[in-house]
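Close look at the chain arrangement
What follows is the residue order along each chain.
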Amino acid sequence: MACTIVVGAQWGDEGKGKEIDLLAADADLVVRYQGGGNAGHTVKVGDQTWVLHLVPSGILHEGRLNVIANGVVVDPQALVAEIDELERRGIKIAGRLFISDLAHVTLPYHKRMDEAREARRGAVKIGTTHRGIGPTYSDKFARIGIRMGDIPDEAVFLNKVRRNLEEKNHFFVDYYKVPEVREEEIVGPYREYLPRLKPLITDTVRLLQDALAQGKRILLEGAQGTLLDVDFGTYPFVTASNPSAGGACTGTGVPPQAITGCIGVAKAYTTRVGTGPLPTELPPEEEERLRILGREYGATTGRPRRCGWFDAVVVRRAAAVNGLTRLAITKLDVLDQLDVIRVCVAYRHGGATLEDFPNRTEVVEACEPVYRDFPGWKASTSGARRWEDLPPRARAYLEAIRDLTGVPLGLVSVGPCRDETIRIP
Ligand code: IMP
(Lines give C-alpha, C1' and ligand atoms only; values in the text may rest on other atoms or scores of the structure.)
Protein backbone atom coordinates (compact mmCIF):
# COMPACT_ATOMS: atom_id res chain seq x y z
CA MET A 1 0.00 0.00 0.00
CA ALA A 2 2.83 2.46 0.89
CA CYS A 3 0.85 5.67 0.50
CA THR A 4 -2.63 5.28 -0.98
CA ILE A 5 -5.31 7.92 -1.46
CA VAL A 6 -8.98 6.99 -1.29
CA VAL A 7 -11.28 9.46 -3.06
CA GLY A 8 -14.96 9.63 -3.85
CA ALA A 9 -15.43 9.31 -7.61
CA GLN A 10 -18.96 10.79 -7.68
CA TRP A 11 -20.82 13.33 -5.49
CA GLY A 12 -19.86 11.89 -2.10
CA ASP A 13 -21.64 9.17 -0.11
CA GLU A 14 -20.03 6.49 -2.28
CA GLY A 15 -19.42 4.25 0.73
CA LYS A 16 -15.84 5.37 1.36
CA GLY A 17 -16.18 4.63 5.08
CA LYS A 18 -16.45 0.91 4.49
CA GLU A 19 -13.64 0.82 1.91
CA ILE A 20 -11.30 2.82 4.14
CA ASP A 21 -12.14 0.59 7.06
CA LEU A 22 -11.18 -2.46 4.95
CA LEU A 23 -7.97 -0.89 3.67
CA ALA A 24 -7.07 0.36 7.16
CA ALA A 25 -6.39 -3.26 8.11
CA ASP A 26 -3.23 -3.01 5.96
CA ALA A 27 -2.24 0.53 7.00
CA ASP A 28 -0.24 1.98 9.88
CA LEU A 29 -1.77 5.44 9.69
CA VAL A 30 -5.11 6.74 8.42
CA VAL A 31 -5.16 10.44 7.60
CA ARG A 32 -8.15 12.70 6.83
CA TYR A 33 -7.02 15.45 4.46
CA GLN A 34 -9.96 17.80 3.77
CA GLY A 35 -13.54 18.64 4.59
CA GLY A 36 -14.89 18.71 8.11
CA GLY A 37 -17.98 17.68 10.02
CA ASN A 38 -19.95 17.74 6.75
CA ALA A 39 -18.70 14.20 6.09
CA GLY A 40 -20.47 11.12 7.41
CA HIS A 41 -18.51 7.90 6.99
CA THR A 42 -20.59 4.88 7.93
CA VAL A 43 -18.74 1.74 8.98
CA LYS A 44 -20.35 -1.53 10.03
CA VAL A 45 -18.31 -3.84 12.22
CA GLY A 46 -20.14 -7.01 13.28
CA ASP A 47 -23.56 -5.88 14.45
CA GLN A 48 -22.34 -2.38 15.36
CA THR A 49 -22.73 0.65 13.11
CA TRP A 50 -20.46 3.66 13.44
CA VAL A 51 -20.86 7.04 11.78
CA LEU A 52 -17.65 9.07 11.77
CA HIS A 53 -17.63 12.75 10.85
CA LEU A 54 -14.16 14.09 11.67
CA VAL A 55 -12.28 11.16 13.15
CA PRO A 56 -10.56 8.98 10.49
CA SER A 57 -12.08 5.54 9.94
CA GLY A 58 -8.83 3.86 11.07
CA ILE A 59 -9.87 4.52 14.67
CA LEU A 60 -11.93 1.32 14.56
CA HIS A 61 -8.78 -0.76 13.97
CA GLU A 62 -6.61 -1.33 17.01
CA GLY A 63 -3.03 -0.22 16.66
CA ARG A 64 -3.62 2.28 13.84
CA LEU A 65 -2.67 5.93 14.25
CA ASN A 66 -5.20 8.46 13.02
CA VAL A 67 -4.49 11.97 11.85
CA ILE A 68 -6.79 14.92 11.23
CA ALA A 69 -4.44 16.76 8.92
CA ASN A 70 -3.97 20.43 8.05
CA GLY A 71 -6.46 20.46 5.16
CA VAL A 72 -9.39 19.57 7.41
CA VAL A 73 -11.57 22.18 9.12
CA VAL A 74 -12.31 21.20 12.71
CA ASP A 75 -15.32 22.14 14.79
CA PRO A 76 -13.86 21.53 18.26
CA GLN A 77 -17.24 21.08 19.94
CA ALA A 78 -18.37 18.55 17.35
CA LEU A 79 -15.03 16.73 17.55
CA VAL A 80 -15.21 16.40 21.35
CA ALA A 81 -18.77 15.08 21.06
CA GLU A 82 -17.55 12.50 18.52
CA ILE A 83 -14.59 11.50 20.69
CA ASP A 84 -16.90 11.17 23.74
CA GLU A 85 -19.19 8.86 21.83
CA LEU A 86 -16.28 6.73 20.57
CA GLU A 87 -14.81 6.45 24.08
CA ARG A 88 -18.21 5.62 25.54
CA ARG A 89 -18.36 2.71 23.09
CA GLY A 90 -14.92 1.48 24.11
CA ILE A 91 -12.61 3.02 21.47
CA LYS A 92 -9.28 4.28 22.79
CA ILE A 93 -8.39 7.77 21.60
CA ALA A 94 -5.35 8.89 23.63
CA GLY A 95 -2.15 8.27 21.71
CA ARG A 96 -4.11 7.19 18.62
CA LEU A 97 -5.60 10.46 17.34
CA PHE A 98 -3.58 13.51 16.35
CA ILE A 99 -4.84 16.86 15.08
CA SER A 100 -2.75 19.18 12.95
CA ASP A 101 -1.83 22.50 14.51
CA LEU A 102 -2.36 23.95 11.01
CA ALA A 103 -5.97 22.78 10.65
CA HIS A 104 -8.49 25.61 10.69
CA VAL A 105 -11.13 25.91 13.39
CA THR A 106 -14.86 26.11 12.71
CA LEU A 107 -16.57 28.40 15.22
CA PRO A 108 -20.23 29.28 15.89
CA TYR A 109 -20.00 32.31 13.60
CA HIS A 110 -19.08 30.07 10.65
CA LYS A 111 -22.19 27.99 11.17
CA ARG A 112 -24.37 31.08 11.51
CA MET A 113 -22.86 32.47 8.31
CA ASP A 114 -23.49 29.18 6.48
CA GLU A 115 -27.16 29.28 7.51
CA ALA A 116 -27.58 32.99 6.82
CA ARG A 117 -26.05 32.71 3.34
CA GLU A 118 -28.13 29.70 2.44
CA ALA A 119 -31.32 31.45 3.61
CA ARG A 120 -30.40 34.47 1.46
CA ARG A 121 -29.80 32.36 -1.61
CA GLY A 122 -33.47 31.41 -1.71
CA ALA A 123 -34.21 29.25 -4.75
CA VAL A 124 -30.54 28.88 -5.72
CA LYS A 125 -29.44 27.29 -2.44
CA ILE A 126 -26.40 25.00 -2.53
CA GLY A 127 -28.05 22.77 0.05
CA THR A 128 -25.04 22.80 2.37
CA THR A 129 -24.85 20.69 5.50
CA HIS A 130 -24.94 23.89 7.64
CA ARG A 131 -21.73 22.75 9.34
CA GLY A 132 -19.92 26.04 8.62
CA ILE A 133 -17.58 24.46 6.08
CA GLY A 134 -17.65 27.14 3.35
CA PRO A 135 -17.25 30.08 5.77
CA THR A 136 -14.33 28.36 7.56
CA TYR A 137 -12.45 27.80 4.30
CA SER A 138 -13.35 31.36 3.21
CA ASP A 139 -11.66 32.70 6.35
CA LYS A 140 -8.65 30.46 5.74
CA PHE A 141 -8.11 31.96 2.31
CA ALA A 142 -9.00 35.46 3.48
CA ARG A 143 -6.19 34.93 6.02
CA ILE A 144 -8.35 35.66 9.02
CA GLY A 145 -8.80 32.04 10.09
CA ILE A 146 -7.96 30.61 13.49
CA ARG A 147 -5.93 27.42 13.56
CA MET A 148 -5.88 24.51 15.97
CA GLY A 149 -2.37 25.63 16.97
CA ASP A 150 -3.91 28.88 18.31
CA ILE A 151 -6.21 27.03 20.68
CA PRO A 152 -3.79 26.24 23.51
CA ASP A 153 -2.92 29.94 23.96
CA GLU A 154 -6.09 31.54 25.34
CA ALA A 155 -4.94 35.14 24.86
CA VAL A 156 -4.00 34.59 21.20
CA PHE A 157 -7.18 32.63 20.52
CA LEU A 158 -9.50 35.18 22.13
CA ASN A 159 -7.80 38.09 20.44
CA LYS A 160 -8.38 36.53 17.05
CA VAL A 161 -11.96 35.64 17.96
CA ARG A 162 -12.72 39.23 19.04
CA ARG A 163 -11.24 40.71 15.90
CA ASN A 164 -13.32 38.40 13.73
CA LEU A 165 -16.52 38.82 15.73
CA GLU A 166 -16.50 42.54 15.14
CA GLU A 167 -16.62 42.06 11.38
CA LYS A 168 -18.93 39.04 11.38
CA ASN A 169 -21.49 40.61 13.71
CA HIS A 170 -21.64 43.65 11.50
CA PHE A 171 -22.69 41.37 8.64
CA PHE A 172 -25.08 39.33 10.76
CA VAL A 173 -26.95 42.27 12.23
CA ASP A 174 -26.83 44.86 9.46
CA TYR A 175 -26.88 42.73 6.33
CA TYR A 176 -28.34 39.30 7.11
CA LYS A 177 -30.65 40.55 9.90
CA VAL A 178 -29.89 37.56 12.12
CA PRO A 179 -28.78 37.61 15.78
CA GLU A 180 -25.14 38.37 16.47
CA VAL A 181 -22.77 35.76 17.91
CA ARG A 182 -21.75 36.72 21.45
CA GLU A 183 -18.23 36.15 22.70
CA GLU A 184 -19.57 33.99 25.54
CA GLU A 185 -20.98 31.52 23.00
CA ILE A 186 -17.39 30.84 21.97
CA VAL A 187 -15.53 31.24 25.26
CA GLY A 188 -17.79 28.94 27.34
CA PRO A 189 -17.38 25.88 25.12
CA TYR A 190 -13.70 26.78 24.52
CA ARG A 191 -12.87 26.35 28.21
CA GLU A 192 -14.53 22.95 28.13
CA TYR A 193 -12.89 21.53 25.01
CA LEU A 194 -9.44 23.04 25.55
CA PRO A 195 -8.21 20.41 28.05
CA ARG A 196 -9.66 17.63 25.90
CA LEU A 197 -8.12 18.68 22.61
CA LYS A 198 -4.84 20.25 23.73
CA PRO A 199 -3.01 16.91 24.13
CA LEU A 200 -4.06 15.85 20.61
CA ILE A 201 -2.81 18.93 18.75
CA THR A 202 0.58 18.44 17.18
CA ASP A 203 2.82 19.03 14.16
CA THR A 204 1.31 16.36 11.91
CA VAL A 205 3.47 17.43 8.96
CA ARG A 206 6.50 16.25 10.95
CA LEU A 207 4.63 13.17 12.16
CA LEU A 208 3.83 12.17 8.56
CA GLN A 209 7.34 12.92 7.31
CA ASP A 210 8.72 10.64 10.03
CA ALA A 211 6.19 7.94 9.15
CA LEU A 212 7.21 8.13 5.48
CA ALA A 213 10.89 7.96 6.40
CA GLN A 214 10.20 4.84 8.46
CA GLY A 215 8.39 3.22 5.53
CA LYS A 216 5.04 3.19 7.31
CA ARG A 217 1.93 2.46 5.24
CA ILE A 218 -0.32 5.48 5.00
CA LEU A 219 -3.93 5.71 3.89
CA LEU A 220 -5.07 9.19 2.91
CA GLU A 221 -8.82 9.43 3.45
CA GLY A 222 -10.84 11.82 1.32
CA ALA A 223 -14.28 13.07 2.22
CA GLN A 224 -17.10 14.09 -0.16
CA GLY A 225 -16.32 13.36 -3.82
CA THR A 226 -14.60 14.58 -6.97
CA LEU A 227 -17.77 16.13 -8.40
CA LEU A 228 -18.08 18.19 -5.19
CA ASP A 229 -14.50 19.45 -5.58
CA VAL A 230 -14.38 23.25 -5.56
CA ASP A 231 -12.26 23.16 -8.76
CA PHE A 232 -13.41 20.07 -10.65
CA GLY A 233 -17.01 19.75 -9.47
CA THR A 234 -20.30 21.29 -10.48
CA TYR A 235 -19.44 24.76 -9.20
CA PRO A 236 -21.06 26.49 -7.32
CA PHE A 237 -22.92 23.36 -6.18
CA VAL A 238 -19.81 21.95 -4.54
CA THR A 239 -18.11 21.84 -1.18
CA ALA A 240 -15.41 24.36 -0.28
CA SER A 241 -12.36 22.07 -0.39
CA ASN A 242 -10.47 19.76 -2.78
CA PRO A 243 -11.63 16.18 -2.17
CA SER A 244 -9.71 15.10 -5.28
CA ALA A 245 -6.23 13.59 -5.09
CA GLY A 246 -4.33 16.89 -5.21
CA GLY A 247 -6.03 17.86 -1.96
CA ALA A 248 -4.38 14.86 -0.31
CA CYS A 249 -0.94 16.44 -0.81
CA THR A 250 -1.79 20.02 0.12
CA GLY A 251 -4.02 18.76 2.91
CA THR A 252 -1.30 16.72 4.62
CA GLY A 253 2.16 17.81 3.48
CA VAL A 254 2.76 14.37 1.96
CA PRO A 255 4.65 15.13 -1.27
CA PRO A 256 3.25 13.92 -4.63
CA GLN A 257 6.12 11.52 -5.32
CA ALA A 258 5.32 9.64 -2.10
CA ILE A 259 1.87 8.69 -3.41
CA THR A 260 1.77 5.13 -4.75
CA GLY A 261 -1.89 4.71 -5.69
CA CYS A 262 -5.31 6.29 -5.76
CA ILE A 263 -8.46 4.27 -5.25
CA GLY A 264 -11.70 5.78 -6.50
CA VAL A 265 -14.85 4.71 -4.72
CA ALA A 266 -18.05 4.75 -6.78
CA LYS A 267 -21.50 3.38 -6.15
CA ALA A 268 -22.90 0.94 -8.70
CA TYR A 269 -25.38 3.77 -9.38
CA THR A 270 -25.21 7.50 -8.53
CA THR A 271 -26.52 9.63 -5.67
CA ARG A 272 -26.24 13.24 -4.65
CA VAL A 273 -27.50 15.36 -1.74
CA GLY A 274 -28.05 19.06 -2.04
CA THR A 275 -28.79 20.95 -5.22
CA GLY A 276 -26.96 21.06 -8.55
CA PRO A 277 -27.06 18.97 -11.72
CA LEU A 278 -27.35 15.19 -11.63
CA PRO A 279 -27.65 14.17 -15.30
CA THR A 280 -28.83 10.59 -14.68
CA GLU A 281 -31.39 11.50 -12.00
CA LEU A 282 -34.39 9.15 -12.11
CA PRO A 283 -38.03 10.19 -12.37
CA PRO A 284 -39.64 10.38 -8.88
CA GLU A 285 -41.18 6.89 -8.68
CA GLU A 286 -38.11 5.01 -9.89
CA GLU A 287 -35.92 7.24 -7.75
CA GLU A 288 -37.93 6.45 -4.64
CA ARG A 289 -37.59 2.74 -5.37
CA LEU A 290 -33.81 2.96 -5.62
CA ARG A 291 -33.67 5.21 -2.55
CA ILE A 292 -35.54 2.64 -0.50
CA LEU A 293 -33.49 -0.28 -1.85
CA GLY A 294 -30.21 1.54 -1.15
CA ARG A 295 -31.35 3.25 2.08
CA GLU A 296 -30.22 6.51 0.57
CA TYR A 297 -30.50 9.04 3.38
CA GLY A 298 -27.63 11.34 4.38
CA ALA A 299 -25.43 10.08 7.24
CA THR A 300 -24.86 13.65 8.50
CA THR A 301 -28.15 15.42 7.81
CA GLY A 302 -30.61 12.56 7.28
CA ARG A 303 -31.72 14.21 4.02
CA PRO A 304 -33.05 11.90 1.28
CA ARG A 305 -30.41 11.49 -1.42
CA ARG A 306 -31.25 12.06 -5.06
CA CYS A 307 -30.67 8.87 -7.07
CA GLY A 308 -29.71 8.10 -10.65
CA TRP A 309 -28.01 5.53 -12.87
CA PHE A 310 -24.26 4.99 -12.96
CA ASP A 311 -22.69 7.82 -14.94
CA ALA A 312 -19.48 6.80 -16.71
CA VAL A 313 -18.87 10.40 -17.83
CA VAL A 314 -18.67 11.44 -14.18
CA VAL A 315 -16.36 8.60 -13.18
CA ARG A 316 -14.14 9.21 -16.23
CA ARG A 317 -13.61 12.75 -14.97
CA ALA A 318 -12.73 11.33 -11.55
CA ALA A 319 -10.33 8.87 -13.17
CA ALA A 320 -8.62 11.69 -15.03
CA VAL A 321 -8.19 14.31 -12.31
CA ASN A 322 -7.29 11.79 -9.60
CA GLY A 323 -5.19 9.40 -11.65
CA LEU A 324 -7.27 6.51 -10.34
CA THR A 325 -5.34 3.26 -10.19
CA ARG A 326 -8.29 1.11 -9.03
CA LEU A 327 -12.04 1.39 -8.67
CA ALA A 328 -13.96 0.18 -5.65
CA ILE A 329 -17.58 -0.34 -6.66
CA THR A 330 -20.02 -0.27 -3.76
CA LYS A 331 -23.63 -1.33 -3.20
CA LEU A 332 -23.81 -3.67 -6.17
CA ASP A 333 -26.39 -5.72 -4.23
CA VAL A 334 -28.83 -2.77 -4.30
CA LEU A 335 -29.36 -3.46 -8.02
CA ASP A 336 -29.95 -7.20 -7.55
CA GLN A 337 -33.67 -7.26 -8.31
CA LEU A 338 -33.90 -4.71 -11.12
CA ASP A 339 -35.07 -5.85 -14.58
CA VAL A 340 -32.92 -3.41 -16.52
CA ILE A 341 -29.90 -1.45 -15.34
CA ARG A 342 -28.76 1.58 -17.28
CA VAL A 343 -25.32 3.16 -17.59
CA CYS A 344 -24.79 6.64 -18.96
CA VAL A 345 -21.97 6.37 -21.51
CA ALA A 346 -21.98 9.97 -22.87
CA TYR A 347 -24.04 13.16 -22.89
CA ARG A 348 -26.00 14.79 -25.71
CA HIS A 349 -25.77 18.54 -25.78
CA GLY A 350 -27.01 20.83 -28.57
CA GLY A 351 -26.76 18.05 -31.16
CA ALA A 352 -23.25 17.01 -30.09
CA THR A 353 -22.15 13.91 -28.20
CA LEU A 354 -19.88 14.68 -25.26
CA GLU A 355 -17.57 12.02 -23.85
CA ASP A 356 -15.97 14.35 -21.29
CA PHE A 357 -17.66 15.98 -18.33
CA PRO A 358 -18.32 19.63 -19.24
CA ASN A 359 -16.64 22.29 -17.13
CA ARG A 360 -19.57 24.68 -17.20
CA THR A 361 -22.37 23.74 -14.85
CA GLU A 362 -24.94 25.40 -17.14
CA VAL A 363 -23.88 22.96 -19.87
CA VAL A 364 -24.10 19.97 -17.51
CA GLU A 365 -27.61 21.08 -16.58
CA ALA A 366 -28.64 21.03 -20.24
CA CYS A 367 -27.13 17.61 -21.03
CA GLU A 368 -29.19 14.53 -21.84
CA PRO A 369 -27.63 11.20 -20.87
CA VAL A 370 -26.95 8.60 -23.56
CA TYR A 371 -27.68 5.20 -22.01
CA ARG A 372 -26.58 1.66 -22.60
CA ASP A 373 -28.97 -0.88 -21.08
CA PHE A 374 -27.93 -4.04 -19.26
CA PRO A 375 -30.27 -6.91 -18.37
CA GLY A 376 -30.64 -7.31 -14.60
CA TRP A 377 -29.17 -10.46 -12.99
CA LYS A 378 -32.22 -10.90 -10.71
CA ALA A 379 -30.31 -12.85 -8.10
CA SER A 380 -28.78 -12.01 -4.75
CA THR A 381 -25.12 -11.04 -4.86
CA SER A 382 -24.69 -10.45 -1.11
CA GLY A 383 -23.25 -13.92 -0.54
CA ALA A 384 -20.59 -13.53 -3.26
CA ARG A 385 -17.02 -13.41 -1.97
CA ARG A 386 -15.10 -14.08 -5.19
CA TRP A 387 -15.47 -12.69 -8.70
CA GLU A 388 -16.58 -16.14 -9.92
CA ASP A 389 -19.43 -16.16 -7.38
CA LEU A 390 -21.14 -13.24 -9.14
CA PRO A 391 -23.91 -13.91 -11.70
CA PRO A 392 -22.53 -13.58 -15.27
CA ARG A 393 -24.77 -10.54 -15.93
CA ALA A 394 -23.43 -8.77 -12.83
CA ARG A 395 -19.90 -9.46 -14.05
CA ALA A 396 -20.77 -8.09 -17.48
CA TYR A 397 -22.14 -4.94 -15.84
CA LEU A 398 -18.98 -4.45 -13.78
CA GLU A 399 -16.74 -5.16 -16.78
CA ALA A 400 -18.61 -2.48 -18.71
CA ILE A 401 -17.97 0.00 -15.88
CA ARG A 402 -14.29 -0.94 -15.97
CA ASP A 403 -14.08 -0.52 -19.75
CA LEU A 404 -16.10 2.71 -19.89
CA THR A 405 -14.02 4.36 -17.16
CA GLY A 406 -10.69 2.83 -18.12
CA VAL A 407 -9.93 1.94 -14.49
CA PRO A 408 -9.33 -1.65 -13.30
CA LEU A 409 -11.60 -2.92 -10.55
CA GLY A 410 -10.06 -3.53 -7.14
CA LEU A 411 -13.00 -4.13 -4.83
CA VAL A 412 -16.70 -4.81 -5.22
CA SER A 413 -18.91 -4.35 -2.20
CA VAL A 414 -22.08 -6.43 -1.91
CA GLY A 415 -23.27 -5.40 1.56
CA PRO A 416 -22.40 -3.11 4.47
CA CYS A 417 -20.36 -5.62 6.52
CA ARG A 418 -16.59 -6.01 6.28
CA ASP A 419 -16.79 -9.50 4.81
CA GLU A 420 -19.40 -8.60 2.18
CA THR A 421 -16.63 -7.72 -0.20
CA ILE A 422 -15.02 -9.17 -3.33
CA ARG A 423 -11.34 -8.41 -3.75
CA ILE A 424 -10.12 -8.45 -7.32
CA PRO A 425 -6.39 -9.10 -7.56
P1 IMP B 1 -21.01 21.91 2.51
O2 IMP B 1 -19.85 21.01 2.34
O3 IMP B 1 -21.75 21.70 3.82
O4 IMP B 1 -20.67 23.35 2.28
O5 IMP B 1 -22.09 21.55 1.38
C6 IMP B 1 -21.84 21.78 0.00
C7 IMP B 1 -22.40 20.67 -0.86
O8 IMP B 1 -21.68 19.46 -0.61
C9 IMP B 1 -23.87 20.33 -0.56
O10 IMP B 1 -24.49 19.92 -1.76
C11 IMP B 1 -23.77 19.14 0.39
O12 IMP B 1 -24.93 18.34 0.35
C13 IMP B 1 -22.57 18.42 -0.20
N14 IMP B 1 -21.84 17.61 0.79
C15 IMP B 1 -21.06 18.04 1.78
N16 IMP B 1 -20.55 17.00 2.46
C17 IMP B 1 -21.01 15.89 1.88
C18 IMP B 1 -20.82 14.49 2.12
O19 IMP B 1 -20.07 14.06 3.00
N20 IMP B 1 -21.47 13.65 1.29
C21 IMP B 1 -22.25 14.09 0.27
N22 IMP B 1 -22.47 15.38 0.01
C23 IMP B 1 -21.85 16.27 0.81
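Presented here is an overview of the structure given in this document. (Residues numbered from 1 in each chain as written. Predicted model: local features only at pLDDT ≥ 70, side-chain atom pairs only at ≥ 80, totals over all residues. Heavy atoms only, no water.)

Before going further, it helps to spend a moment on the overall build of the protein chain. Across its full length, the protein chain carries 12 helices and 20 strands. In terms of overall dimensions, the protein chain is globule-like: its C-alpha atoms have a radius of gyration of 21 Å, near the 22 Å expected for 425 residues. Expressed as lengths along the three principal axes of its C-alpha atoms, the size of the protein chain is roughly 65 × 50 × 40 Å. Across the 425 residues in the protein chain, those meeting the buried criterion constitute 56%. A fraction of 76% describes how many contacts in the protein chain between residues 6 or more apart in sequence connect residues 24 or more apart. For the protein chain, the exposed area adds up to about 17,200 Å²; of that, 52% sits on carbon and sulfur atoms. Taken as two groups, the 55 positive and 56 negative side-chain charges of the protein chain have centres that lie 1 Å from each other. (Helix = DSSP H or I, 4+ residues; strand = E, 2+ residues; numbered from the N terminus. Rg over C-alpha atoms; globule rule 2.2 N^0.38 Å. Buried < 20%, exposed > 50% of the residue type's maximum accessible area, 1.4 Å probe, protein only. Contact = heavy atoms within 4.5 Å. Areas by Shrake-Rupley, 256 points an atom, 1.4 Å probe, with all protein chains shown as cover. Lys, Arg positive; Asp, Glu negative; His and termini not counted. Charge placed at Lys NZ, Arg CZ, Asp CG, Glu CD.)

Within the structure shown, the criterion is met by six aromatic pairs. When the centroid spacing of 4.4 Å and the interplanar angle of 10° are considered together, the rings of Phe 157 and Tyr 190 count as stacked. Of this pair, Phe 157 sits in helix α5 (residues 154-176) while Tyr 190 sits in helix α6 (residues 183-197), and the two are 33 residues apart along the sequence. With relative accessibility at 0%, the residue Phe 157 sits in the buried group. Their ring planes at 80° and their centres at 4.8 Å tell us that Tyr 175 and Tyr 176 sit as a pair that is edge-to-face. Take Tyr 175: its relative accessible area is 43%, and that puts it in the partly exposed class. The ring of Trp 50 has Arg 89 lying over it, and the distance from NZ or CZ to the ring centre is 3.7 Å. (Phe/Tyr/Trp six-rings, centres within 6.5 Å; stacked < 30°, edge-to-face > 60°. Lys NZ or Arg CZ within 6 Å of the ring centre and 35° of its normal.)

Attention now goes to the site of the ligand. Within the structure, the ligand sits among 15 residues, and Asp 13, Asn 38, Thr 129, Thr 239 and Arg 303 are positioned closest to it. Interatomic distance of 2.6 Å between a side-chain N/O atom of Thr 239 and an oxygen atom of the ligand. Within the complex, 96% of the 470 Å² of free accessible area of the ligand lies under protein. The class makeup of the residues in the shell around the ligand is six nonpolar, seven polar and two charged. (Near = heavy atom within 4 Å. Polar contact = N/O pair within 3.5 Å; in protein donor to acceptor, adjacent residues only side chain to side chain. Nonpolar A, V, L, I, M, F, W, Y, C, P; charged D, E, K, R; others polar.)

Before going further, it helps to spend a moment on the sheet that holds strand β20 (residues 421-423). Taken in spatial order, the 10 strands make up an open sheet running β9-β7-β5-β2-β10-β1-β11-β15-β19-β20, and their pairing is mixed. Both edges of this open sheet fall to β9 (201-202) and β20, since each of them pairs with a single strand only. Pairing of strand β1 (residues 3-8) with strand β11 (residues 261-267), which is carried by five bridges, proceeds in the parallel orientation. The residue bridging Val 6 from the neighbouring strand is Ile 263, located in β11. (Pairing = 2+ DSSP bridges.)

Mapping Asn 66 onto the fold places it in strand β5 (residues 65-68). Residue classification places Asn 66 among the buried positions, given a relative accessible area of 0%. For Asn 66, the side chain forms a polar contact with the main-chain nitrogen of Gly 58, separated by 3.3 Å. Other than its neighbours up to four places away in sequence, Asn 66 contacts Val 30, Pro 56, Ser 57, Gly 58, Ile 59, Arg 96, Leu 97 and Phe 98.

A few words on the pairing of β5. As paired strands, strand β2 (residues 29-32) and β5 are joined by four bridges and run parallel to one another. In the sheet register, Val 30 faces β5, and the bridge partner there is Asn 66.

The next subject is the nonpolar core. Counting residues in each nonpolar core, the largest one holds 72 residues, and the members touching the most others are Phe 310, Leu 327, Ile 329, Leu 332, Leu 335 and Tyr 397. Each of two domains, domain 1 (3-101 + 200-262) and domain 3 (267-423), supplies a minimum of three residues to this core. Residues contacting Leu 332, with those up to four places away along its chain left out, are Ala 268, Trp 377, Thr 381, Leu 390, Ala 394, Tyr 397, Leu 398, Val 412, Ser 413 and Val 414. Counting residues in each nonpolar core, the second largest holds 42 residues, with Val 80, Leu 86, Met 113 and Tyr 176 among its members. (Core = buried A, V, L, I, M, F, W, Y, C linked by side-chain atoms within 4.5 Å. Domains from an automatic or database assignment.)

The next thing to look at is the side chain of Lys 16. Position of Lys 16 among the secondary structure elements: in helix α1 (residues 16-24). Side-chain polar atoms of Lys 16 contact the backbone oxygen of Gln 224, separated by 2.8 Å. Leave out the neighbours within four places in its chain, and Lys 16 touches Val 7, Gly 8, His 41, Gly 222, Ala 223, Gln 224 and Val 265.

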